[in-house]
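Observations on chain architecture
So you can see what is in the structure, the chains are spelled out below.
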Amino acid sequence: MQHTIDRLTRQTGLPENPINDELRKLIQEGEDVKAVKKARETLGLSLLEGKQYIDKLKADNR
């Protein structure tokens, strides 16, 4: 499902979620736990969804 959302976002030119820049900064600083917490608070995700969201951002930045 996430793959489909990503593909549609690219095809339609929708902007990326603005919180992602802040989350990437936390990840670069080694603050993965804080990044997961921020993603959960901001996006209303469960713990598992927050972890998966951060893992995806980390994978995309490699």
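In this report, the structure presented in the accompanying data block is examined.

Definitions and limits used
- Residues numbered from 1 in each chain as written.
- Predicted model: local features only at pLDDT ≥ 70, side-chain atom pairs only at ≥ 80, totals over all residues.
- Heavy atoms only, no water.
- Axes fitted to C-alpha atoms, helices over the stretch in contact; angles between N-to-C directions.
- Helix = DSSP H or I, 4+ residues; strand = E, 2+ residues; numbered from the N terminus.
- Parallel < 35°, antiparallel > 145°, perpendicular 65-115°, else oblique.
- Left-handed = near helix turned anticlockwise from the far one by under 90°.
- Contact = heavy atoms within 4.5 Å.
- Nonpolar A, V, L, I, M, F, W, Y, C, P; charged D, E, K, R; others polar.

The next subject is the packing of helix α3 (residues 32-43) against helix α4 (residues 47-60). For any two helices packed against each other, the geometry is given by the interaxial angle and the distance between the axes. The interhelical angle for the contact between α3 and α4, taken along N-to-C directions, is 120°, at an axis separation of 9 Å. Considering the angle they form, α3 stands oblique to α4. Both α3 and α4 take part in a crossing whose hand is right-handed. Contact with α3, carried on its side by D32, A35, V36, A39, R40 and L43, involves L47, G50, K51, Y53, I54 and K58 of α4 and no other residues of that element. Broken down by class, the residue content of the contact of α3 with α4 amounts to seven nonpolar, one polar and four charged.

Remember, this is a structural readout, not a statement about activity or role.
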